[in-house]
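Here is how the chains run, residue by residue.
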Amino acid sequence: MLNKSLSKWLSPVTKANDLQGLKTSGVNRRINREKFELNQLKDELSNNKRRQGVFNGLKNMISIRKESTAFSPFADQKVVDLDANVFALIRENKNTNERIFFAVNVSGKKVTVKLPFDGTELQSNRHLKDEITLSPYEFIWVK
């Protein structure tokens, strides 16, 4: 069930630029702040494939994070230096010995990086070994 606070949270993620809001307020960040009414949001999530994809993708990521103790705010985190175009971390929960490798390609070109360990990519469930080529702006979570 969607609530009103969720509709406000989703609007910057899934709505087109609010040019009128920017023009009216003069505040540059307002371009990303157009608001959905709750019924409009429900309709958009039912009928707009792009918005369904964003919403379902966010729900999937939240579900993965809730199930993985390495995402705990108390887990250790270490930056991994792989490439100038890749930001990477290893998160490890010492209480459960669970660790997750996170990497994001922050460039507009493909980048191949060596994995610090073999494992399963949590969003796609594909097994990764040795290295991976990340598409532009792609990220992975490997456990």
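Check the entry above for the structure.
Residues numbered from 1 in each chain as written. Predicted model: local features only at pLDDT ≥ 70, side-chain atom pairs only at ≥ 80, totals over all residues. Heavy atoms only, no water.

Read across the sheet, four strands follow the order β1-β2-β3-β8 without closing on themselves; strand pairing throughout is antiparallel. Each end of this open sheet is capped by a strand with a single partner; those strands are β1 (76-83) and β8 (139-142). Taking the axes of each pair of neighbouring strands and ignoring which way they run, one obtains an average angle of 15° across the sheet. As judged from the eight bridges shared by strand β2 (residues 86-93) and strand β3 (residues 98-105), these two strands associate in the antiparallel manner. Following the sheet pairing, Val-86 is matched in β3 by Asn-105. (Pairing = 2+ DSSP bridges. Helix = DSSP H or I, 4+ residues; strand = E, 2+ residues; numbered from the N terminus. Axes fitted to C-alpha atoms, helices over the stretch in contact; angles between N-to-C directions.)

So, on to helix α3 (residues 38-47). For α3, the full list of buried residues reads Leu-41, Glu-44 and Leu-45. Along α3, the residues classed as buried sweep out an arc of 95° about the axis, all on the same side. Summarising the geometry of α3, the exposed residues directed more than 90 degrees from the buried face are Asn-39, Ser-46 and Asn-47. (Buried < 20%, exposed > 50% of the residue type's maximum accessible area, 1.4 Å probe, protein only. Arc of directions from axis to C-beta.)

Bringing the environment of Asn-60 into the picture now. Along the chain, the position of Asn-60 falls in helix α4 (residues 49-67). Between the alpha carbons of Asn-60 and Leu-122 there is a distance of 9.9 Å; along the sequence they are 62 residues apart.

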